[in-house]
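Now for the letters of each chain:
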Amino acid sequence: MASFAGSDPAALNLATKILSNIVSNPSEAKFRSINLGGKAGAKLVAAPGVLSFLQESGFVQDGSNLVFPTEASVPALAAALGDLQAAIPPPPVATPVQSATPVDPYAGMSLKQKAVAMAEAEAKADRENAKKLRAQELAKLEQDKLVRQKDENWKPAAAGVKGGKAIETYRGKFGEDQGGG
């Protein structure tokens, strides 16, 4: 089966909902088709692992739709639903905060040593934060790349374009003679 590593949890939950709707209502045609150009389809297109899982589960691409054929096996789809639910990580459990008194890591240091140690700790935290932000941005760029490749409705917007309209100057909008007196 497909790998869900790095897949968006929203796409995994959406796929679970789609499969459970078909398993619960196998005769309903509205649950058997997914418009890949719509909001839900865009979530699936952005998560290629989930999209390939649906195709391995029996869905067939029909134009811009992903369709589960009526002759396909619903019990096999129920087994795939179980695999998908097992792959979804459980929500994090909140751990109780311990009320122990904090230990001062700078105890016994001179003021200069404390300042140096605090500056080093802050620089380390900044580096770790920058590394985490870079990883998030790279993940966003990769996801955007996949969406651009798979979504036929995606249109590029040039720099300096606001809401699909070009930014104009006052003189350009009203003309040389009508502007400003």
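One structure accompanies this document, and this report is about it. (Residues numbered from 1 in each chain as written. Predicted model: local features only at pLDDT ≥ 70, side-chain atom pairs only at ≥ 80, totals over all residues. Heavy atoms only, no water.)

**Some words on the overall build of the chain**
Phase 1: Scanning the chain for helices and strands turns up six helices and five strands.
Phase 2: Listed by position from the N terminus, the elements making up the chain come as α-β-α-α-β-β-α-α-β-β-α.
Phase 3: When burial is assessed residue by residue, the chain has 22% of its 181 residues classed as buried.
Phase 4: Of the contacts formed within the chain by residues at least 6 apart in sequence, a portion of 62% connects residues at least 24 apart.
Phase 5: Of the accessible surface of the chain, which amounts to about 13,300 Å², a share of 56% is contributed by carbon and sulfur atoms. (Helix = DSSP H or I, 4+ residues; strand = E, 2+ residues; numbered from the N terminus. Buried < 20%, exposed > 50% of the residue type's maximum accessible area, 1.4 Å probe, protein only. Contact = heavy atoms within 4.5 Å. Areas by Shrake-Rupley, 256 points an atom, 1.4 Å probe, with all protein chains shown as cover.)

**Thoughts on the sheet that holds strand β3 (residues 65-67)**
Phase 1: Pairing within the open sheet is antiparallel, and its three strands lie in the order β1-β3-β2. Where the open sheet ends on each side, the last strands, each with one partner, are β1 (33-35) and β2 (60-62). Averaged over all neighbouring strand pairs, the angle between strand axes comes to 25°, with direction disregarded.
Phase 2: One ladder, built from three bridges, connects β1 with β3; its direction is antiparallel. Paired with Asn 35 across the two strands is Asn 65, which belongs to β3. (Pairing = 2+ DSSP bridges. Axes fitted to C-alpha atoms, helices over the stretch in contact; angles between N-to-C directions.)

**Topic: the environment of Val 23**
Phase 1: Assignment of secondary structure puts Val 23 in helix α1 (residues 9-24).
Phase 2: Spatially, the C-alpha atom of Val 23 lies 7.1 Å from that of Leu 77, the residues being 54 residues apart in sequence.
Phase 3: Among all residues touching Val 23, those that are not within four sequence positions of it are Val 74, Leu 77, Ala 78 and Leu 81.

**Quick notes on the side chain of Thr 16**
Phase 1: Along the chain, Thr 16 turns up in helix α1.
Phase 2: For Thr 16, a relative accessible area of 12% gives the class buried.
Phase 3: At 2.9 Å, the side chain of Thr 16 forms a polar contact with the backbone oxygen of Leu 12.
Phase 4: For Thr 16, the contacting residues outside a window of four places in its chain are Leu 81, Leu 84, Gln 85 and Ile 88. (Polar contact = N/O pair within 3.5 Å; in protein donor to acceptor, adjacent residues only side chain to side chain.)

**As for the packing of aromatic side chains**
Phase 1: Taken as a whole and assessed by the stated rule, the structure comprises one aromatic pair.
Phase 2: Judged by centre distance (5.3 Å) and plane angle (50°), the ring pair of Phe 59 and Phe 68 falls under tilted.
Phase 3: Residue Phe 59 is classed as buried on the basis of its relative accessible area of 3%. (Phe/Tyr/Trp six-rings, centres within 6.5 Å; stacked < 30°, edge-to-face > 60°.)

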